[in-house]
Amino acid sequence: MAILEEISGYLQKGRTKLVKQLVTQALEEGMAPQAILEDGLLSGMAIIGEKFKNNEVFVPEVLVAARAMNAGTELLKPHLMQAGVAAKGTAVIGTVKGDLHDIGKNLVKMMIESKGLTVIDLGVDVGPEAFVQAAVENNAQIVCCSALLTTTMREMKDVVDACVSHGIRDKVKIMVGGAPLNQEFCDSIGADCYTEDATSAAEAALAYVS
Ligand code: B1M
């Protein structure tokens, strides 16, 4: 679809306004929101990721692309939600301490919300105490941690430990995810659940509160 390629192309150039215009147009034309997300926005972000790895683009270009990605995603959000579902449970979510990557975390948040859960978003660079505090204050059943760096994924163990030391470990399920993680890592830090992508994270979250 030409419009999806255009969305991908403008996202790579960080043209937020044009990305928003085209996402709106695609929705108006009746295109499926999931297709706009995957074949437009995420496909553009994947190309930028590859170029970043190969030193063909640098942090400023990636930042503007990320901004366009988040803006496009926001427009899709109401269309990916199930209308009128009663809140089924509560999750808190954040990107762990030292880590500023939030695109994947935002997608996981959106997909969990689309299953009817309330999600408290703590943002990026979130320390273990903040995860625990938010879980207690909001009576959350799930704590979700995202990390994109091999150097920050270890912070997730501190979140698990903080849940233990504050006496809430048996009250919350701890879900972890992000590109450098795998099931083995999840098991090694004593978290409950690793999922590879936002869709499977949302399914796992729903299963925990059902
Ligand atoms: Co960063 N960065 N970055 N970066 N960046 C990576 C992650 C990197 C792989 C690039 C590379 O190839 N070299 C590399 C990490 C290497 C490593 O540790 N192994 C890297 C680096 C090195 C850095 C800096 C150190 C660069 C520098 O400053 N020299 C720096 C660190 C800053 C910091 O965090 N302290 C940095 C900075 C940045 C930007 C700020 C420029 C920007 C982030 C902007 C933002 O997020 N608002 C950025 C970006 C965008 C990327 C890449 C290009 C794209 C990440 C992304 O958003 N992907 C990335 C390269 C890549 O991934 N190919 C890269 C799209 C997103 C939808 O996917 O986040 O993986 P992802 O989320 C997926 C799954 O992982 C999963 O579901 C999501 C959707 O299905 N998932 C979960 C995520 N969280 C989950 C939680 C769950 C379950 C599933 O349960 C709770």
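To be clear, the structure that these remarks concern was listed above.
Analysis parameters
- Residues numbered from 1 in each chain as written.
- Predicted model: local features only at pLDDT ≥ 70, side-chain atom pairs only at ≥ 80, totals over all residues.
- Heavy atoms only, no water.
- Near = heavy atom within 4 Å.
- Polar contact = N/O pair within 3.5 Å; in protein donor to acceptor, adjacent residues only side chain to side chain.
- Helix = DSSP H or I, 4+ residues; strand = E, 2+ residues; numbered from the N terminus.
- Nonpolar A, V, L, I, M, F, W, Y, C, P; charged D, E, K, R; others polar.
- Donors = N, O, S within 2.8 Å, 3.2 Å for Na, K, Ca; no water.
- Salt bridge = Lys/Arg side-chain N within 4 Å of Asp/Glu carboxyl O.
- Buried < 20%, exposed > 50% of the residue type's maximum accessible area, 1.4 Å probe, protein only.
- Pairing = 2+ DSSP bridges.
- Right-handed = clockwise from strand over helix to strand, strands pointing away.
- Contact = heavy atoms within 4.5 Å.
- Core = buried A, V, L, I, M, F, W, Y, C linked by side-chain atoms within 4.5 Å.

What is the right way to look at the site of the ligand in this model?
In the neighbourhood of the ligand, 34 residues make up the surrounding shell, with Gly98, Leu100, His101, Asp102 and Ser146 lying closest. Contact between the ligand and aspartate 102: a nitrogen atom at 2.7 Å from a side-chain N or O atom of the residue. Here a nitrogen atom of the ligand sits 2.8 Å away from a polar atom, N or O, in the side chain of serine 146. Of all the elements in the fold, those that place two or more residues in the shell around the ligand are helix H3 (33-53), helix H4 (59-80), helix H5 (103-114), strand S3 (142-146), strand S4 (173-177) and helix H9 (198-209). Per-element tally for the shell around the ligand: the top contributor is H3, with 5 residues. In terms of residue class, the shell around the ligand is built from 20 nonpolar, 9 polar and 5 charged.

So what exactly am I meant to see when it comes to the coordination of the cobalt atom of the ligand here?
For a metal with four donors in a tetrahedral arrangement, the ideal angle between donors is 109.5 degrees, while six donors in an octahedron ideally sit at 90 or 180 degrees. Just one protein ligand coordinates the cobalt atom of the ligand, and it is His101 (NE2) at 2.2 Å. Within the fold, histidine 101 resides in the loop between strand S1 (90-95) and H5.

Please explain the pattern of salt bridges as it appears in this structure.
Working definition: two side chains of opposite charge can pair if their charged atoms are close together. Counted according to the given criterion, the structure contains 6 salt bridges. Residues glutamate 50 and lysine 53 are paired through a salt bridge, measuring 3.6 Å at the closest nitrogen-oxygen approach. Placement of the pair is glutamate 50 and lysine 53 together in helix H3, with a separation of 3 residues, close to one helical turn. We classify glutamate 50 as partly exposed; its relative accessible area is 39%. When the shortest N-O distance is used, the salt bridge between glutamate 113 and lysine 77 registers 3.5 Å. Residue glutamate 113 is located in helix H5, and its partner lysine 77 is located in helix H4; the two are separated by 36 residues in the primary sequence. According to the relative accessible area criterion, glutamate 113 is buried, its value standing at 17%. One connected set of salt bridges, linked through shared partners, spans Lys105, Lys109 and Asp121.

What is the right way to look at the pairing of strand S2 (residues 118-121) in this model?
Put simply, side chains in a regular strand alternate between the two faces of the sheet. As paired strands, S1 and S2 are joined by 4 bridges and run parallel to one another. Directly across from alanine 91, in S2, lies its bridge partner valine 119. Crossover connection from S1 via H5 to parallel S2: handedness right-handed.

Would you take a moment to explain the environment of leucine 22 for this structure?
With respect to the element layout, leucine 22 can be found in helix H2 (residues 16-28). On the accessibility criterion, leucine 22 (9% relative accessible area) is buried. For leucine 22 and valine 143, which are 121 residues apart along the polypeptide, the C-alpha to C-alpha distance reads 35 Å. Those residues in contact with leucine 22 that sit more than four places away from it in its chain are Ile3, Glu6, Ile7 and Tyr10.

What is the right way to look at the nonpolar core in this model?
In globular proteins that are soluble, nonpolar side chains generally tend to be buried together. Formed by 43 residues in total, the largest nonpolar core has its most connected members in Ile7, Ile36 and Leu41. Elements supplying a minimum of two residues to this core: helix H1 (2-12), H2, H3, H4, S1, H5, S3 and H9. Here the element with the most residues in this core is H4; it accounts for 7 residues. Leave out the neighbours within four places in its chain, and isoleucine 36 touches Leu4, Ile7, Val23, Ala26, Leu27, Met31, Leu41 and Leu76.

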